[in-house]
Amino acid sequence: MILVGQMDSPFLRRVAVTMNHYRLPFERKPLSVFKDLKALSAINPLGKVPALVLDDNETLFDSQMILDYLDETAGPDVSLTPPAGEDRRKVLRIATVALGIAEKVVALNIETRIRAEGTTDPRIVRRYEGQVKSGLQWLEAEAPNPNQGPDQDPWFMGPAITQADVTAASVLTHMHEKRPELFSPETTPALAALRMRAEALEIFKASPFEEA
Ligand SMILES: N[C@@H](CCC(=O)N[C@@H](CS)C(=O)NCC(=O)O)C(=O)O
C-alpha cells in the first residue's frame, strides 16, 4: 500500500501510526499539497492528503475513510476504534474534536502564513484561535489526569490505547511543532502528558512528524 502525503499532516500521521499499530507495511509517496497539486489531484480529485493506494490500485481518501478500511482489515478484536456502542461513540467524539482542532490550526496557518500580505482578517484569526482553545479545553477535561498518580490509566479510554489517543497525539504534536503558542503544558497538562506518552511508543517513533 502507498500512503500519499507528508508527515507534517496530522491527518496523514494518524493513518501512518494506525498502520504501524496494525503492522500493515506501507510505502510513502510524500507529495506536497502545494508543490505537487497536479500529481496529487490525479490521485485524489480534491488535491488533499492523506490518500491510500491499495495493492490493487483502489484509492481511499480522507483519513476517516482510510481508518474505516484499516479497522475493518485489522478486525474488531484489535481495532483501535471499538466496533459498536458507547465506547465507539466516545472514541469517535474525542477523535472528532481533535480533528476539528487540527482543521482550525491548518486554516489558521493558511490565514496568517499563506495569504497575501495585508489580506489576513483578524476577526477570522480570533475566531479560529477561540475554536482551538475551546476544543483543547474540552479535550483536556476528557484526558487522564496526570496528578492522580501512577495508578491513573494512561489513555483516554483506560489502560489500552485507542484511536482517540492516536488522533489526539497526532494533532497535539502538529500543534506543538506549528503553533506552540496555542498548546502549552501549563494550560493543558493532561494533554501534554498524553502526547509525550504517545510519542514514546514505537508506533509513533516509526512515523515521526517531519517538517515539509
Ligand atoms: N478531513 C480530511 C482533512 C485532510 C486535510 O485537510 N489535509 C490537508 C493537509 S494537512 C490538505 O490536504 N490540505 C490541502 C487543501 O485542503 O487544499 C481528512 O481527515 O483526511
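Quick caveat: nothing in here was measured; it's all calculated off a predicted structure.

### What to know about the overall build of the protein
Consideration 1: Across its full length, the protein carries 8 helices and 4 strands.
Consideration 2: N-terminal to C-terminal, the α/β element order of the protein is β-α-β-α-β-β-α-α-α-α-α-α.
Consideration 3: Radius of gyration (C-alpha) of the protein: 17 Å, near the 17 Å computed for a compact globule of 212 residues.
Consideration 4: Seen through its principal axes, the protein has C-alpha atoms that stretch 50 × 45 × 30 Å.
Consideration 5: Burial analysis of the protein (212 residues in total) assigns 35% to the buried set.
Consideration 6: A fraction of 66% describes how many contacts in the protein between residues 6 or more apart in sequence connect residues 24 or more apart.

### Structural notes on the domain arrangement of the protein
Consideration 1: For the protein, the domain assignment lists domain 1 (2-74) and domain 2 (85-201).
Consideration 2: The straight-line distance from the C-alpha centre of domain 1 to that of domain 2 is 21 Å.
Consideration 3: With 7 residues of domain 1 in contact, the opposing surface of domain 2 contributes 7 residues.
Consideration 4: In terms of residue count, the dominant contributor to the side of domain 1 that touches domain 2 is helix 1 (residues 10-21) (6 residues).

### Notes on helix 7 (residues 189-199)
Consideration 1: For helix 7, every residue scored as buried is listed here: Ala190, Leu191, Leu194, Arg195 and Ala198. The arc that holds every buried residue of helix 7, seen down its axis, measures 135°, which confines them to one face.
Consideration 2: The elements touched by buried residues of helix 7 are helix 5 (122-142), helix 6 (163-178) and helix 8 (202-205).

### Focus on the site of the ligand
Consideration 1: Around the ligand, a shell composed of Ser9, Phe11, Val33, Gly47, Lys48, Val49, Pro50, Asp62, Ser63, Gln64 and Val106 is seen.
Consideration 2: Partitioning the shell around the ligand into residue classes produces 5 nonpolar, 4 polar and 2 charged.

### Regarding the sheet that holds strand 4 (residues 59-61)
Consideration 1: The strand order across the open sheet formed by 4 strands is 2-1-3-4, and the pairing between neighbours is mixed. With partners counted over all chains shown, the strands left at the sheet margins are strand 2 (27-29) and strand 4, one partner each. Direction aside, neighbouring strands of the sheet carry axes that sit 20° apart on average.
Consideration 2: Here strand 1 (residues 2-4) pairs with strand 3 (residues 51-53) via 3 bridges, running antiparallel. By the bridge assignment for strand 3, Leu3 is matched with Leu52.

### Topic: the packing of helix 4 (residues 85-114) against helix 6
Consideration 1: Across the interface, helix 4 lies against helix 6 with an axial gap of 8 Å and an inter-helix angle of 20°. Judged on the interaxial angle alone, helix 6 and helix 4 are roughly parallel. Classified by chirality, the crossing of helix 6 by helix 4 is left-handed. Between helix 4 and helix 6, the residues in contact are Val91, Ile94, Ala95, Ala98, Leu99, Ile101, Ala102, Val105 and Asn109 and Gln163, Ala164, Thr167, Ala168, Val171, His174, Met175 and Lys178, respectively.

Rules used throughout
- Residues numbered from 1 in each chain as written.
- Predicted model: local features only at pLDDT ≥ 70, side-chain atom pairs only at ≥ 80, totals over all residues.
- Helix = DSSP H or I, 4+ residues; strand = E, 2+ residues; numbered from the N terminus.
- Rg over C-alpha atoms; globule rule 2.2 N^0.38 Å.
- Buried ≥ 20, exposed ≤ 12 C-beta atoms within 10 Å, placed from the backbone.
- Contact = placed C-beta atoms within 7 Å.
- Domains from an automatic or database assignment.
- Arc of directions from axis to C-beta.
- Near = placed C-beta within 6 Å.
- Nonpolar A, V, L, I, M, F, W, Y, C, P; charged D, E, K, R; others polar.
- Pairing = 2+ DSSP bridges.
- Axes fitted to C-alpha atoms, helices over the stretch in contact; angles between N-to-C directions.
- Parallel < 35°, antiparallel > 145°, perpendicular 65-115°, else oblique.
- Left-handed = near helix turned anticlockwise from the far one by under 90°.

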